[in-house]
Amino acid sequence: MEDTKKIIEAQYLLKDLISGDHDIANRDDFNSMSGTNIKEALKLIVDNPLLSDNQKKYIIMNIWRIHYRKKPPSIQEFLTPKWLGATALSIYDHVRKDLETFWDPFSPYRHMVLAPAIGYGKSFECAVSVLYINVHLNLMRDPKKFFGLNKASSIVSALISFSLEKAKQVLLQPFYQILLTSSKFKRVRKEETLSIRQKEYPDKIIWTSAGKVGSFQFTNDLHIIVASEPYQILGLTLIAGVLSELSFFIERGVSAETIWGIYNDTKGRIYSRFGNQYFASSFLDSSPNDMEVSPIDKYIFSGEAVKNSLNYVVTSSHWAVHPSKYPIWQKTKETFPVFRGNGAQPPRMLMKEEIENYSITEIYNVPIDVKQNFIDSLKKSVKDYCGWPSGSDTKLFDDFNVIEQSFTN
């Protein structure tokens, strides 16, 4: 009986709030409502036979007012100059498509796995995604209540790479440039003035680089940190984690087990706090390197990553997304065959008569424009242009046939 009374009272509060009475959000009886109460009250409102279809449509279109102080942007709205400033005018079409697909409200994806060829725009995608999350949480009335978090928990997004310098250079810099150039964001000098300035400028997102937790801080106790070691994310209430160039941790002397651990620990920490809720996401920004020693490359290019329905996986050659950079190929369609390499054999440029000795799936028909690059540095070019982890040049033997031929029966 008590619950029924609460739900009936809740429907009138929600009706007024959705109609634009923002004072409702400050009332104790509204703030004491549980998520279940809100859902049941909304169902009562929408099922009310006395409401016209237009009234019901209005309620559905304005449900955002329950949790947000300002209407949050859709991903399409966010990728415009209004939010991103001049940066929005130079977003690649394939990057825009990725972001719109991943951030569709009905998307099943929670992990973005990016491993295409050089120049794709991976780091930008990750930076924009983290900013999109923080804008939404900033516009919420109380994100901690929304996610059922302890009031003492700061909500953190982590930008992780093999060094703090690389994390700042690759991930933090594009983030910083958007904050500085977009009129939607306003910087303040002191952490203590965040809430004050947010009330003064309700249509802007207030931020500071003088926060105590990380590199950037927003209102609602939201933070962006950079990290290069697993211990730096211990104990954090992590809603998003970007992991950049994990495959190259190998070259810094980090073991494969540690690399794999960093990736899974980041995803695990996000899940432990937020489950698979929308906004709780990981982003793997990984240039192809060496599938034989990198667990990240093995996970992606063995086909294991695509088996997880929560993963949005992107692999691509350079010419597939930047065809205009290959004018000769566009005009003549001339290519040359390259064997991409595997665990037993290194990559190699092929003569036409050699093609039949290899599986068609292991051969790239590369635009003629970059033939000299492949002649000069084959393995690096396979990584950079084909987007395939061709292996390291530091191996003493990378062709198993050489080893096998040293033995006789």
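For the structure, see preceding data.
Note that the structure is predicted; figures quoted are calculated from it, not measured.

Enquirer: Help me get a handle on the side chain of Asp 285, residues and values and all.
Expert: Among the secondary structure elements, Asp 285 is positioned in strand E8 (residues 281-285). Within the buried set, Asp 285 has no salt-bridge partner at all; the shortest N-O distance to an opposite charge, 4.2 Å, is to Lys 122. A distance of 2.7 Å separates a polar atom in the side chain of Asp 285 from a polar atom in the side chain of Ser 123. For Asp 285, the contacting residues outside a window of four places in its chain are Leu 114, Lys 122, Ser 123, Cys 126, Val 170, Leu 171, Leu 243, Ser 244 and Glu 245.

Enquirer: Provide a residue-level description of helix H8 (residues 122-139), including the pertinent values.
Expert: With 18 residues, H8 extends 26 Å between its outermost C-alpha atoms, agreeing within 8% with the 26 Å of an ideal straight helix rising 1.5 Å per residue. Within H8, 18 of the 18 residues are buried, leaving the element largely enclosed by the surrounding structure.

Enquirer: Please set out the packing of aromatic side chains residue by residue, giving values where relevant.
Expert: Think of a pair of aromatic rings as described by two things: how far the centres are apart, and how the planes are tilted against each other in angle. If you walk through the whole model with that rule in mind, you get 27 aromatic pairs. On the numbers, 5.3 Å between centres and 85° between planes, the contact of Trp 207 with Phe 216 is edge-to-face. For Trp 207, a relative accessible area of 0% puts it in the buried group. When its relative accessible area of 4% is taken as the criterion, Phe 216 is described as buried. By the ring-pair criterion, three or more aromatic residues cluster together here, those being Phe 78, Trp 83, Phe 102, Trp 103, Tyr 109, Tyr 132, Phe 185, Tyr 278, Phe 279, Phe 283 and Tyr 312. Stacked on the ring of Trp 388, the Lys or Arg Arg 340 has its end atom at 3.7 Å from the ring centre.

Enquirer: Could you give an account of the sheet that holds strand E11 (residues 348-349), with specific residues and numbers?
Expert: Consider a sheet: its strands pair through backbone hydrogen bonds, and that pairing is either parallel or antiparallel. Spatially, E11-E10-E12 is the arrangement adopted by the three strands of the open sheet, whose pairing is antiparallel. The open sheet has two free edges, formed respectively by E11 and strand E12 (363-367), since each of these has just one partner strand. Bridge analysis of strand E10 (residues 335-339) against E11 gives two bridges, and the strand direction is antiparallel. Each bridged residue has a counterpart across the sheet, and for Val 338 the counterpart in E11 is Met 349.

Enquirer: Just give me the short version of helix H17 (residues 378-386), but keep the residues and values in it.
Expert: Taking burial as the measure, the nine residues of H17 include seven buried ones, the bulk of the element. Every buried residue of H17 is accounted for by Lys 379, Ser 381, Val 382, Lys 383, Asp 384, Tyr 385 and Cys 386. Where H17 is buried, its residues touch helix H14 (318-321), E10, E12 and helix H16 (371-376). With its phi angle positive at about 75°, Gly 387 sits one or two positions after the end of H17.

Enquirer: Residues and numbers for the pattern of salt bridges, please.
Expert: Within this structure, the stated rule accounts for 12 salt bridges. Between Lys 70 and Asp 203 there is a salt bridge, with the nearest N and O atoms lying 3.1 Å from each other. Within this pair, whereas Lys 70 is found in the loop between helix H4 (53-61) and helix H5 (75-78), its partner Asp 203 is found in the loop between helix H11 (194-200) and strand E4 (205-208), the two being separated by 133 residues in sequence. Judged by its relative accessible area of 33%, Lys 70 is partly exposed. When the shortest N-O distance is used, the salt bridge between Glu 304 and Lys 307 registers 3.3 Å. On the accessibility criterion, Lys 307 (62% relative accessible area) is exposed. Look at the salt bridges and you will find they share partners, linking Glu 191, Glu 192 and Lys 212 into a network.

Enquirer: Give me the lowdown on the sheet that holds E8, citing residues and values where you can.
Expert: The strand order across the open sheet built from nine strands is E3-E4-E5-E6-E2-E7-E8-E1-E9, with neighbouring strands paired in mixed fashion. The strands lining the two open edges of the sheet, one partner per strand, are strand E3 (185-187) and strand E9 (311-314). Neighbour to neighbour, the strand axes of the sheet diverge by 20° on average, direction disregarded. Here four bridges tie strand E1 (residues 111-114) to E9, and the two strands are oriented parallel to one another. From the neighbouring strand, Leu 114 faces E9, where its bridge partner is Val 314.

Parameters at a glance
Residues numbered from 1 in each chain as written. Predicted model: local features only at pLDDT ≥ 70, side-chain atom pairs only at ≥ 80, totals over all residues. Heavy atoms only, no water. Helix = DSSP H or I, 4+ residues; strand = E, 2+ residues; numbered from the N terminus. Buried < 20%, exposed > 50% of the residue type's maximum accessible area, 1.4 Å probe, protein only. Lys, Arg positive; Asp, Glu negative; His and termini not counted. Salt bridge = Lys/Arg side-chain N within 4 Å of Asp/Glu carboxyl O. Polar contact = N/O pair within 3.5 Å; in protein donor to acceptor, adjacent residues only side chain to side chain. Contact = heavy atoms within 4.5 Å. Expected span 1.5 Å × (residues − 1). Phe/Tyr/Trp six-rings, centres within 6.5 Å; stacked < 30°, edge-to-face > 60°. Lys NZ or Arg CZ within 6 Å of the ring centre and 35° of its normal. Pairing = 2+ DSSP bridges. Axes fitted to C-alpha atoms, helices over the stretch in contact; angles between N-to-C directions.

No statement about biological role is implied by the geometric values presented.
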